[in-house]
Amino acid sequence: MKKILVNGGKQLFGSIPISGMKNAALPVIYASLIVSGKCVIENLPMVNDVLVSFDILRAVGVKVEQLSETSVCIDAENAAIAKVPSELSNKIRASYYLLGAELARFEEAEVGLPGGCDFCVRPIDQHIKAFETLGAKVTVDQNAGTIRADVPDCLQGETVFFDTVTVGATINAMLASVCAFGNTVIVNAAREPHVVDLANFLNTCGADIAGAGTDTIKIRGVAQKKLHGCTYAIIPDMIEAGTYMAAVAAAGGDVTITNVIPKHLETISAKLCDMGAKVIEDDTSVRVVSDGKLKHTAIKTLPYPGFATDMQPQFCVLMCLAEGESTLIEGVWANRFKYVDELKRMGAKITVNDKTAKVTGVDKLHSASVRAVDLRAGAAMIIAALCAEATTAVEDVHLIERGYENIVSKLSNVGADIFSLNAGNY
Ligand code: EPZ
């Protein structure tokens with residue numbers, strides 16, 4: 001098993017380039033299945049969730065050819081309905097985008113129940129509601145571990161009302177309705193930049209989607225044959241960028257984070273400034289300057305444009321090192337505080353009551369052997385380790401590699417004393 005070792009206490013200086021956004025890349029990769037023609041997807045992060053998604057598409061007959069370190073050509077011409085091995089689909093959450101994409105392409109779909117970060121129970125009722133509203137019959141077989149959707153008549157555009165704001169179900173509704181007869185309206189849609197990126201990709205291929213980025217998305221169905229291939233570059237990863245911004249604020253230093261869309265980072269930048277760091281925006285970069293001295297704050301996570309839940313564990317580390325008492329409320333997931341026990345082993349003072357954590361700042365965190373309990377929690381452990389005395393070992397690195405490309409080299413290039421060890425090395 002791989003570990004990441006960090007000798008803490010080094011300030012960070014230089015620049016960190018940001019990769020394409022995992023959570024934008026995944027829907028676009030699955031959407032390529034609907035398109036008749038070759039799609040060249042650029043600025044892809046080659047992280048594990050993306051690589052598993054390529055294997056899932058290959059299992060249904062799609063050709064995926066790597067063109068460069070960050071781009072692939074996806075050709076779905078010979079795709080056909082086929083069983084995807086459950087050991088593949090169970091590995092990641094985004095495998096459920098195959099349902100929306102297969103419905104659009106074949107009017108039937110089947111996939112194993114999705115996996116992904118298990119910080120809490122992750123329901124899929126709104127995905128099912130969207131498919132059923134559009135005319136599909138959905139069967140969940142818990143024993144077989146599969147979800148199946150069939151279309152007895154045809155996929156028909158309709159108004160889909162979401163009971164809660166959900167990124168995944170918004171994306172699945174867009175995928176399933178892009179070639180439906182007539183018009184679909186998604187009400188209470190998620191407004192995340194990755195929802196907009198999917199709409200832009202599909203529109204570039206000939207779809208007719210308006211309103212992405214607002215809470216009402218309108219989709220005029222087009223014939224599947226009319227969707228043509230294109231070349232498309234994925235947007236930069238705002239959560240990867242935010243993670244490095246938090247790392248610099250905590251460890252101290254002066255780092256320019258490049259290849260970003262500063263607008264997507266506004267809530268993160270504002271919180272870092274509240275806590276005492278300096279954030280200087282340019283057209284495609286943000287520079288973070290910090291002496292490592294942080295002030296307490298209060299955060300509640302919310303759907304975009306609110307403060308991202310995927311930045312919650314990283315900001316908890318900042319709160320652990322800030323003077324005074326901070327409050328952190330998880331407003332998206334039922335529970336996302338499993339990692340708190342790991343931080344406590346490093347000397348953090350945190351109490352959790354339901355969805356609220358109270359964090360009392362300490363002068364120093366100390367080294368320990370800690371686990372990445374999920375992807376973002378793992379990134380938080382690395383930030384804590386950068387600020388801790390002596391050497392911290394972070395285990396279960398495969399969870400971090402699901403979503404962070406080259407995290408060790410990106411941090412060591414700005415002066416962190418960080419390296420990975422494979423089982424054979426220790
Ligand atoms: C996406 O998950 C991201 N994953 C998550 O990031 C992120 O935390 C989440 O959006 C919220 O921003 C991917 O994009 C692959 P949701 P998703 O549907 O789509 C409830 C990471 O670290 N809900 O927006 O699965 C749900 O319980 C990952 O990269 C229902 O009630 O999240 C939650 O409370 C972790 N019924 C809320 O909606 C449903 O059918 C938001 O979930 C679906 C969701």
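(A) View of the packing of aromatic side chains. Per the counting criterion, the structure on display carries five aromatic pairs. What links up through ring pairs into an aromatic cluster is the set Tyr 30, Tyr 96 and Tyr 97.

(B) Structural context of helix H2 (residues 48–59). Here H2 contains twelve residues, and its C-alpha end-to-end distance of 17 Å stays within 8% of the 16 Å for a straight helix at 1.5 Å per residue. Of all the residues in H2, the buried ones are Asp 49, Val 50, Val 52, Ser 53, Phe 54, Ile 56 and Leu 57. Buried residues belonging to H2 abut helix H1 (22–31), strand E4 (63–66), strand E5 (72–75), helix H3 (86–89) and helix H4 (97–106). At the exit of H2 stands Gly 61, carrying a positive phi of roughly 85°.

(C) Focus on the sheet that holds E5. With mixed pairing, four strands are arranged side by side in an open sheet as E4-E5-E3-E13. Of all the strands in the sheet, the pair left with one neighbour each is E4 and strand E13 (231–233). Here the average twist between neighbouring strands, direction ignored, is 20°. Note: strand E3 (residues 38–42) against E5, four bridges, orientation antiparallel. Paired with Lys 38 across the strands is Asp 75, a residue of E5. Strand contacts of helix H7 (residues 193–204): E3 and E13, with the helix running at about 165° to E13, the strand carrying the most contacts.

Scoring rules and cut-offs
- Here the residue numbers are simple positions, counted from 1 along each chain's written sequence.
- Thresholds applied to this predicted model are a pLDDT of at least 70 for local features of residues and 80 or more for the giving and counting of side-chain atom pairs; totals over whole chains, interfaces and linings are not thresholded and use all residues.
- Note: side-chain values were computed over all heavy atoms of the structure, leaving out hydrogens and water.
- Two rings from Phe, Tyr or Trp (for Trp, the six-membered ring) form a pair when their centres sit within 6.5 Å of each other. Planes less than 30 degrees apart are called stacked, planes more than 60 degrees apart edge-to-face, and all others tilted.
- Here a helix means four or more residues in a row that DSSP labels H or I, a strand means two or more in a row labelled E, and each is numbered from the N terminus.
- Each residue after the first adds 1.5 Å to the expected span of a helix.
- Here's how the labels work: a residue is buried when its accessible area is under 20% of the maximum for its type, exposed when over 50%, partly exposed in between, all with a 1.4 Å probe on protein chains only.
- Whether two residues are in contact is decided by their heavy atoms, any of which lying within 4.5 Å being enough.
- Here, strands pair whenever DSSP counts at least two bridges between them.
- Axis lines are fitted through C-alpha atoms, for helices just across the contact stretch, and the angle between N-to-C directions can take any value from 0 to 180 degrees.

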